[in-house]
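Listed below are the residues making up each chain.
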Amino acid sequence: VLTVNGKAAVVVQEAGAFQSLIVGGAAPRGNRIASMETELQSFKLAQLRQDLGAGVEELDYLSARLLRRQRLRQRQRGQSMEYRQDNLHELFDEIRMQDRAHLG
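Residues numbered from 1 in each chain as written. Predicted model: local features only at pLDDT ≥ 70, side-chain atom pairs only at ≥ 80, totals over all residues. Heavy atoms only, no water.

Caption draft 1: Structural view of the overall build of the protein. Tallying secondary structure elements over the protein gives 3 helices and 2 strands in all. The order of helices and strands in the protein, counted from the N terminus, is β-β-α-α-α. By the burial criterion, 8% of the 104 residues in the protein qualify as buried. Across the protein, the fraction of contacts at a sequence separation of at least 24, relative to all contacts at a separation of at least 6, is 34%. (Helix = DSSP H or I, 4+ residues; strand = E, 2+ residues; numbered from the N terminus. Buried < 20%, exposed > 50% of the residue type's maximum accessible area, 1.4 Å probe, protein only. Contact = heavy atoms within 4.5 Å.)

In structure tokens, the structure reads:
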């Protein structure tokens, strides 16, 4: 198992075949290393995109939850919210949050 930052990146099932790929494959060694580095970078980029996507989803969820709490506190105080063109997105966020809570 080859690891990158402590996570498995490549699993080698046959050490001899892997060694021949690294040392004595058909392509010149520099090209093999460059190819492997490129592939490693693509693995890292894919993982980074996945992590960023999860982070964005979490931020969306938390901001909608915070907005919902603020609206609930306003209602408990007897305050109402007037939605206009410039803050209509807040209404949509609140509706989205309520849908998520019901879907659970």
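Caption draft 2: Seen up close, a nonpolar patch on the surface. There is a patch of nonpolar side chains on the surface, built from Leu-45, Leu-48 and Leu-52 and spanning about 280 Å² of accessible area. Counting through the fold element by element, Leu-48 comes out in helix H2 (residues 29–76). Judged by relative accessible area, which is 47%, Leu-48 ranks as partly exposed. (Patch = residues over 30% accessible without salt bridge, like charges linked within 9 Å, V, L, I, M, F, W, Y side chains within 5 Å. Areas by Shrake-Rupley, 256 points an atom, 1.4 Å probe, with all protein chains shown as cover. Salt bridge = Lys/Arg side-chain N within 4 Å of Asp/Glu carboxyl O.)

Caption draft 3: Representation of a positive patch on the surface. Taken together, the side chains of Arg-65, Arg-69, Arg-73 and Arg-77 make up a positively charged region of the molecular surface. Positionally, Arg-69 belongs in helix H2. In this structure Arg-69 comes out as partly exposed when scored by relative accessible area, which is 41%. (Lys, Arg positive; Asp, Glu negative; His and termini not counted. Charge placed at Lys NZ, Arg CZ, Asp CG, Glu CD.)

Caption draft 4: Molecular detail of the environment of Ala-9. Turning to its location among the elements, Ala-9 is positioned in strand S2 (residues 7–10). With relative accessibility at 26%, the residue Ala-9 sits in the partly exposed group.

Caption draft 5: Spatial organisation of the confidence of the model for the protein. With 83% of its residues at a pLDDT of at least 70, the protein reaches an overall mean of 77. Helix H1 (residues 15–24) is the least confidently modelled element of the protein, averaging 68 in pLDDT, while H2 averages 84, the highest of any element. (pLDDT = per-residue confidence, 0-100.)

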